[in-house]
Amino acid sequence: MLLYLHIPFCDSKCHYCAFCSYTDKAQLKKPYSSAITKQFNFEVQRLEIKKGSINSLFVGGGTPSTFPASLYEPFMFAVSPYLSKDAEITTEANPNSATLSWLEGMRSFGFERVSFGVQSFDDKKLKFLGRIHSQKEAIEAILNAEKVGFKNISIDLMYDTKADTKKLLQNDIEIASNLPINHLSAYSLTIEKNTKFYNHQNARKESLVLAKYMVNSLAQKGFKQYEISNFSRGYECFHNKRYWEGDDYVGVGCGAVGFYKNRRFYPSQNPQAYIKNPTHQEVEQLSADDLRLERVFLAMRSNVGLLMDDLPQKLKDKLTLLADEKKGIVVEGRFYNLDYFIADEMALFVTS
Ligand SMILES: C[S@@+](CC[C@H](N)C(=O)[O-])C[C@H]1O[C@@H](n2cnc3c(N)ncnc32)[C@H](O)[C@@H]1O
Ligand code: SF4
């Protein structure tokens, strides 16, 4: 079982971002701390979560580093008995708010992995994206995380933006590769509704050449692609992989979707409403077909593969065809995609 905690607070709104996050609700942080603890205790009862059975905790946002470390204490106190001994415990963080003392505080609760939203080390590109940190702050935050003992450090980069050139991306990768990180996520910019970029004509570059250049340059620096947007230099994120394999996960917090067996749970996306009633959720029932479709899409985008035994014959035949065409391989009954750039096309072919 996986656990995801959502922190819906940010210092500012980036031009591309449609995540559930608010810049004007800092006064809700304290009551939010109580609400998430209350919801977690509710989930323990409802889903009959056993002590030691949660294999990973991922705190995402929004910006987890805008939430003071002390406000995590009641939640971590409630969660700790349910974490397995070797659980992966990750927090996202933004370079401008992940201070040395915040990082130390999180370490003291058992966090061993941190993922920084860097996006770029180029100050002009950062401005273009609406980020409020600089290259200097990003590097400092990563080095501070190493200093306070985070074992696994990851960064997010963004590409396919109008600001990109080969030279800029090469420089970003060069700087990244000299930092003490063992994981990197590189996201191609998507234009989302209700963002500044939505009305911005040319925010995306739409260059497949640059996208391939990014993947190849990362490979040259030792970052091996294990999912369409994720690269490992010795560490693959356990939480992500289990999620792509279709594991159950508990979602705690405003807008934090949960998944258990064949149901999906949606708490309110509005922090005030969530705090008022943290255990209220809309429930979606998923059919076997829905679940299979999702599984195929997630498997095609990553190296977790797809167990063929459980699939209907029609799907198995299509996967065999893809393997015959060398677009994938079958190892011990699992199909593995060999070209993540055409992952969605392959998934559509298999499921149509
Ligand atoms: C949950 S988000 C935000 C985490 C953190 N607050 C931050 O800004 O770094 C995680 C990552 O998703 C990526 N992301 C968010 N919106 C995106 C978009 N529209 N297109 C591509 N990547 C996006 C960014 O790289 C971001 O770091
Ligand atoms: S990208 Fe991160 S910091 Fe920027 S608005 Fe979205 S969640 Fe907040």
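Each chain has its residues counted from 1, following the order in which its sequence is written. Here chains are named by letter from A upward and ligands by number from 1 upward, in the order in which they appear as written. Local features in a predicted model are, by the rule used here, given only for residues with pLDDT of at least 70; side-chain atom pairs are given and counted only at 80 or more, and totals for whole chains, interfaces and linings are based on all residues. Hydrogens and water are ignored here; the side-chain numbers use all heavy atoms of the structure.

Another point: the pairing of strand S2 (residues 54-61). Burial here depends on accessible area, computed with a 1.4 Å probe over protein chains only, as a share of the maximum for the residue type. Under 20% is buried, over 50% is exposed, and the range in between is partly exposed. For helices the rule is a DSSP run of H or I covering at least 4 residues; for strands it is a run of E covering at least 2, with both sets numbered from the N terminus onward. The buried fraction of S2 amounts to seven of the eight residues, a majority that puts the element mostly inside the structure. In this structure, strand S1 (residues 2-7) lies alongside S2, joined through six bridges in parallel fashion. Bridging from a neighbouring strand, Ile7 pairs with Gly61 of S2. The crossover handedness rule: strands pointing away from the viewer, path from first strand over the helix to second strand clockwise, crossover right-handed. Crossover S2 to strand S3 (residues 83-93) through helix H2 (residues 73-79) is right-handed. A pair of strands is labelled paired if DSSP reports no fewer than 2 bridges between them.

Bringing empty space enclosed by the protein into the picture now. In the cavity and pocket records, a cavity denotes points on a 1 Å grid over the protein atoms alone where a 1.4 Å probe fits but cannot get out, a pocket denotes an open set with protein on both sides within 12 Å along at least 5 of 7 lines, and lining residues are residues with an atom within 4 Å of a point. Grid points are joined across faces, edges and corners, and a volume is the space filled by probe spheres set on the points. For the coordinates displayed, the defined rule picks out one cavity of 30 Å³ or more. Its volume calculated, the largest cavity comes out at about 50 Å³. Lining the largest cavity are 14 residues, and of these Glu43, Arg46, Gly251, Gly258 and Phe265 sit closest to its centre. For the lining of the largest cavity, the secondary structure elements donating two or more residues are helix H1 (29-46), strand S9 (249-252), strand S10 (258-260) and strand S11 (263-267). Per-class residue counts for the lining of the largest cavity are eight nonpolar, four polar and two charged. Residues are grouped as follows: Ala, Val, Leu, Ile, Met, Phe, Trp, Tyr, Cys and Pro are nonpolar; Asp, Glu, Lys and Arg are charged; every other residue, Gly included, is polar.

Let us look at the packing of aromatic side chains. For this analysis, a ring pair means two rings from Phe, Tyr or Trp (six-membered ring only for Trp) whose centres lie within 6.5 Å, classed as stacked if their planes differ by under 30 degrees, edge-to-face if by over 60, and tilted for the remaining angles. Within this structure, the stated rule accounts for 12 aromatic pairs. Between Phe9 and Tyr32, the aromatic rings sit 5.4 Å apart at their centres with planes inclined by 85°, giving edge-to-face as the arrangement. Here Phe9 is found in the loop between S1 and H1, whereas its partner Tyr32 is found in helix H1, with 23 residues between them in sequence. Given a relative accessible area of 1%, Phe9 falls into the buried group. A residue is classified by how much of its surface remains accessible, and Tyr32, at 0% relative accessible area, is buried. Taking the centre distance of 5.8 Å and the plane angle of 55° together, the rings of Tyr226 and Trp244 count as tilted. With a gap of 18 residues between them, Tyr226 in strand S7 (residues 224-227) and Trp244 in helix H8 (residues 238-244) connect regions that are remote in the sequence. A single burial state applies to Tyr226 and to Trp244, both of which are buried. These aromatic residues form a ring-pair network of at least three members: Phe9, Tyr32, Phe67, Tyr72 and Tyr274. Counting as a charge over the ring demands two things of the Lys NZ or Arg CZ atom: a distance within 6 Å of the ring centre and an angle within 35 degrees of the ring normal. Lying across the ring of Phe265, Arg46 places its NZ or CZ 4.1 Å from the centre.

S1 sits mainly inside the fold: six of its six residues count as buried. When S1 meets S9, the two strands line up parallel, connected through four bridges. Bridging from a neighbouring strand, Tyr4 pairs with Gly251 of S9. This β-α-β element, S1 to H1 to S2, shows right-handed connectivity.

The next subject is H1. Between the first and last C-alpha of H1 there are 25 Å, a value that for 18 residues agrees with the 26 Å anticipated at 1.5 Å per step. Elements that come into contact with the buried residues of H1 comprise S1, S2, H2, S9, helix H9 (271-276) and strand S12 (281-285). Multiplying 1.5 Å by the residue count of a helix minus one yields the expected span of that helix. Residues count as neighbours in contact if any of their non-hydrogen atoms are within 4.5 Å of one another.

Sheet architecture is open: three strands sit in the order S13-S15-S14, paired in antiparallel fashion. Looking at the sheet topology across the chains shown, the edges are occupied by strand S13 (306-307) and strand S14 (328-331).

Fair warning: the whole summary comes from geometry, so function is off the table for now.
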